[in-house]
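Structure assessment
The chain contents come next:
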Amino acid sequence: MDILAAVSHYITKMVSNPSNAIKVLLLDAHTTPFVSLATTQSELLSHQIYLTDRIDNQKRDRMPHLKCVCFVGTSEDSLEAVARELEEPRYGEYFLYFSNVLTKRAIERLAEADSYELVKEVQEFFADYAPILPYLFSLNYLPSDSTSLYGTTSNTWNPDALQRSAQGLAAVLLSLKKKPVIRYERMSGMAKKLGIEVQHVIKSNAALFDFRPTQVPPLLLIIDRLNDPVTPLLSQWTYQALVHEILGIQNGRVDLSLVPDIRPELREITLLPQSDAFFAQHLNDNFGDLGAAVQKLVTDYQAKSLSQAPSSIETIADMKRFVEEYPEFRKLGGNVSKHVALMGELSRIVGRDRLLDASEVEQSLAGSGGGHAADLKAVQTLIAAPNIPPANKLRLAILYALRYQRSSSHAIVAVTESLTRNGVTAEEAKLVNIVLNVAGAEQRQDDLFSNENIFSRGKSALKGLKGVENVYTQHSPHLVDTLEVLFKGRLKEMSYPFLDPAKALTGLGGSNATGQNAGQRPQDVIVFMVGGTTYEEAHAISKVNRELGNSARVLLGGTCVHNSSSFLHQLITAPFAPSSTQPPREIATTSSTSSAGDRPALNLQLGGINVSVGGAGGTGVYRSSNGEGVSVQADGLKDGVRDLWGKMRQGVERFG
């Protein structure tokens, strides 16, 4: 299940036809990034592609001696552009390839436009997605102010986004020749709706999906980004993820134009493992190891430079060696300059923004935690720090709110108010409430922080004992836990139902399989994340695949690949109801009855001894000043019992 090889195969088939002819490759805005990620200019030239251009470029010259290979999407704009091209042709012959299924009406429309009868071939090649890594793909659906992923709620689709996601996911299945069983996240209406749409596409194109059946059918697992809002909010420390978080990677390109004193040729660089051996080798290295790797790269280049110096060329054999090695030497020089510039800028921003300090607190909030009092103090200290960027302060506040939403002593309102006093705009500070309303404890399906019952707390403590690379990378995405349960055959149908209930008896990681299917685990798993995935999750998938060996394969995809900025932008631009910017009911209730969480959950007065549980003063035994009497103050006890009952109810549902 190599997604990169699948798209590369399609492109090779396209540009190889016709053979022994000079050709031009026409793309549209939709397919250009897909091609650029899967092939290189050198590979295209080897197939006699003389020119690559956009079909919407109206300034192209007429070159009837060239044959045209045209690869475009199936949108109305793309079909209209192809029709205009055929009505006023610039090339001698046309070979038309489309990235998804064409309707009968679209084919008739193209036939009507081809009045000169120059079209020699029309085919569907299902490369309708961005192949970022062999195990990672994206549909490149990046929400903006005008194009949202969501409908009016966080559980409904924008119709355009739903159509694009269903088409893109169907293209992935067709390119890999998979007809999967579909499971989805129970509490995500968007995941279920997408599963229904994909199943409809499969049934509507039964001939296309008529693949040879396998003993264990592949599994398509559709999950929701909002079930794990923590992962995209964390600072990243592996090479690819760090570059995307700080600078952004768009279709394999990184914009360095704002870097101080950057050389003109490095203003925009390409960062693809397919064409950059150093990046392919180190894309998942952490920041510390990466520094040593870049230093070795520079040392190796210096050694090669000495061997290429004029003083080392003394014989004809030396001259021949120099001519043969010089192109590779120049390429190496460009690669060294690129990674040195990139590493220098990353180091500058990490130091300037105190990212290491912020990341340590983020990891504490996302992991087992350092205790509420310590975490709150650390968050408030960094929010008040003048050299922490407002965006990073906002992320800390959101992580704190997600972590301690159900704590009776939380200070979410106070933390949110402190944001606006320390450089965060009031509009941006609303994101704390938006995230709690759409991805808070009541909306999430799973126990994200392993703190909702005694069993999950024990599991969290055991996880904390495991060795981690360092304090900045100890977080493990929730997706890893889900896959672990899936491959053990314990992923409950109540939480992740089969779209077709009859398929539940086939095993595939479910817990209700019977007979010979009991305990049968899937061999090919495609995980699709509605709302976007991350490079941290992609890194986790690469490790899962290594551990599984040849017994199973996992492929990860999403509507896009997020960093923290794009994730928050996706939420703040969504057309949610105005009420989503208000504090959740339980937060508002707590803040109205308690100032910044200063009320103890239980206060016992036993003569001269005071026992306090919770509250701003913390839990402890204190000597009382009045020294007499026995009294009980339990203003917070009712809330505690209500919270306990809620957890018991959820536990019963989970076991059921």
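Basis of the calculations
Residues numbered from 1 in each chain as written. Predicted model: local features only at pLDDT ≥ 70, side-chain atom pairs only at ≥ 80, totals over all residues. Heavy atoms only, no water. Helix = DSSP H or I, 4+ residues; strand = E, 2+ residues; numbered from the N terminus. Polar contact = N/O pair within 3.5 Å; in protein donor to acceptor, adjacent residues only side chain to side chain. Contact = heavy atoms within 4.5 Å. Axes fitted to C-alpha atoms, helices over the stretch in contact; angles between N-to-C directions. Parallel < 35°, antiparallel > 145°, perpendicular 65-115°, else oblique. Left-handed = near helix turned anticlockwise from the far one by under 90°. Nonpolar A, V, L, I, M, F, W, Y, C, P; charged D, E, K, R; others polar. Pairing = 2+ DSSP bridges. Buried < 20%, exposed > 50% of the residue type's maximum accessible area, 1.4 Å probe, protein only. Expected span 1.5 Å × (residues − 1). Bend = angle between axes of the 7 residues up to and from the residue. Core = buried A, V, L, I, M, F, W, Y, C linked by side-chain atoms within 4.5 Å. Disulfide = S-S within 2.5 Å. Salt bridge = Lys/Arg side-chain N within 4 Å of Asp/Glu carboxyl O. Phe/Tyr/Trp six-rings, centres within 6.5 Å; stacked < 30°, edge-to-face > 60°. pLDDT = per-residue confidence, 0-100. Right-handed = clockwise from strand over helix to strand, strands pointing away.

**What about the side chain of Q363?**
Considering the arrangement of structural elements, one finds Q363 in helix 12 (residues 355-366). A polar contact of 3.1 Å, which involves the side chain of Q363, links it to the backbone oxygen of Y472. In contact with Q363, other than residues within four places in its own chain, are L234, V471, Y472, T473, Q474 and H475.

**Quick notes on the packing of helix 15 (residues 412-420) against helix 16 (residues 426-439)**
Interaxial distance between helix 15 and helix 16 falls to 8 Å at its minimum, and their mutual angle equals 155°. As the angle between them shows, helix 15 and helix 16 are arranged roughly antiparallel. The two elements helix 15 and helix 16 meet at a crossing, and its hand is right-handed. The residues of helix 16 that touch helix 15, namely those facing I412, T416, L419 and T420, are A426, A429, V432 and L436. Classifying every residue of the contact of helix 15 with helix 16 by side-chain character gives 6 nonpolar, 2 polar and no charged.

**Some words on the sheet that holds strand 5 (residues 119-124)**
Strand order in the open sheet made by the 5 strands is 2-1-3-4-5, with parallel pairing throughout. Each having just a single partner strand, strand 2 (49-54) and strand 5 make up the two edges of the open sheet. Taking each pair of neighbouring strands and ignoring which way they run, the sheet shows an average axis angle of 20°. Bridging between strand 1 (residues 23-27) and strand 2 involves 5 bridges; their strand directions are parallel. When the bridges of strand 2 are listed, V24 appears paired with L51. Each of strand 1, strand 3 (63-72), strand 4 (91-98) and strand 5 is contacted by helix 4 (residues 76-87), which is oriented at about 165° to strand 4, the strand it contacts most.

**Let's talk about the environment of I222**
In this fold, I222 is placed in strand 9 (residues 219-224). Residue class for I222 comes out buried when judged on its relative accessible area of 0%. Once the C-alpha coordinates of I222 and M529 are considered, the two residues, 307 residues apart in sequence, prove to be 6.0 Å apart. Once you skip the residues sitting within four places of it in the chain, I222 turns out to touch I182, R183, Y184, E185, A191, L194, G195, F528 and V530.

**A short note on helix 16**
With 14 residues, helix 16 extends 20 Å from end C-alpha to end C-alpha; this agrees with the ideal 20 Å at 1.5 Å per step. The sharpest bend along helix 16 reaches about 25° and sits at N433.

**A look at the sheet that holds strand 14 (residues 553-558)**
The strands that make up a sheet pair up through hydrogen bonds in the backbone, lying either parallel or antiparallel. Taken together, the 6 strands give an open sheet; going across it, the order is 6-7-14-12-9-8, and neighbouring strands pair in mixed fashion. Taken across any chain shown, the strands that pair with only one partner, and hence form the sheet edges, are strand 6 (130-133) and strand 8 (181-184). If you compare each strand with its neighbour and ignore which way they point, the axes differ by 25° on average. Here 6 bridges tie strand 9 to strand 12 (residues 524-530), and the two strands are oriented parallel to one another. Counterpart to L221 in the pairing with strand 12 is V527. Contacts between helix 1 (residues 3-15) and the sheet are confined to strand 6, strand 7 (136-138) and strand 14, with strand 6 contributing the most and set at about 135° to the helix.

**Remarks on the nonpolar core**
One finds Y129, F137, L194, I398, Y400, V432 and L571 to be the most contacted residues of the largest nonpolar core, which totals 96 residues. Not counting chain neighbours up to four residues away, the residues in contact with Y129 comprise I3, A6, V7, F34, F137, S138, L139, R164, G168, A171, V172 and S175.

**Here's the deal with the state of the cysteines**
Considering all chains together, one arrives at 0 disulfides under this definition. With no disulfide partner, C68 has as its closest neighbouring cysteine sulfur the one in C70, 5.4 Å distant. Classification of C68 by relative accessible area gives buried; the value is 0%.

**A closer look at the side chain of R90**
For R90, the position within the fold is in the loop between helix 4 and strand 4. Judged by its relative accessible area of 13%, R90 is buried. Among residues more than four places away in sequence, those in contact with R90 are Q58, R60, D61, R62, M63, P64 and E85.

**A closer look at the pattern of salt bridges**
Any two side chains of opposite charge can pair, given that their charged atoms come close. Counted by the stated rule, this structure contains 26 salt bridges. Ionic pairing is found between E85 and R90, a salt bridge with its closest N-O pair at 3.2 Å. Taking the relative accessible area as the measure of exposure, E85 reaches 4% and is therefore buried. R354 is paired through a salt bridge with D357; the nearest N and O atoms lie 2.9 Å apart. Judged by relative accessible area, R354 falls into the partly exposed class, the value being 26%.

**Some remarks on unusual backbone geometry**
Cis geometry is adopted by the peptide bond preceding P18, which originates at N17 and carries an omega value of 0°. Phi at Q48 is positive, roughly 65°, even though this residue is not glycine. Assignment of secondary structure puts Q48 in the loop between helix 3 (41-46) and strand 2. A positive phi is found at N140, a non-glycine position, where the angle reads about 55°.

**Section: the packing of aromatic side chains**
Two measures describe an aromatic ring pair: the distance that separates the ring centres and the angle between the ring planes. In total, this model carries 11 aromatic pairs according to the counting rule given. Considering the side-chain rings of W237 and F287, the 5.9 Å spacing of their centres and the 50° angle between planes classify their relative orientation as tilted. Pair noted here: W237 is in the loop between strand 9 and helix 8 (239-246) and F287 is in helix 10 (residues 287-307), with a separation of 50 residues, a long-range link. F287 carries the same exposure label as W237, and that label is buried.

**Structural notes on the environment of A113**
For A113, the position within the fold is in helix 5 (residues 104-113). Classification of A113 as buried rests on a relative accessible area of 6%. In this structure, the C-alpha to C-alpha distance between A113 and E80, residues 33 residues apart in sequence, is 9.8 Å. Aside from chain neighbours lying at most four places away, what touches A113 is A83, L86 and E87.

**A closer look at the confidence of the model for the protein chain**
Within the protein chain, residue pLDDT values average 85, and 80% of them lie at 70 or more. Between residues 453-468, whose pLDDT stays under 50, and residues either more than four places distant or in other chains, the model counts 13 contacts.

**Overview of the pairing of strand 4**
Counting buried residues along strand 4, 6 of its 8 residues qualify, which places the element largely inside the surrounding structure. With 7 bridges connecting them, strand 3 and strand 4 associate as parallel partners. Residue K67 lies in a different strand from strand 4, and its bridge partner there is E93. Of the crossover connections in this fold, the one passing from strand 3 over helix 4 to the parallel strand 4 is right-handed. Bridge analysis of strand 4 against strand 5 gives 5 bridges, and the strand direction is parallel. Bridge pairing in strand 5 places F95 opposite E121. Considered for its hand, the β-α-β crossover made up of strand 4, helix 5 and strand 5 is right-handed.

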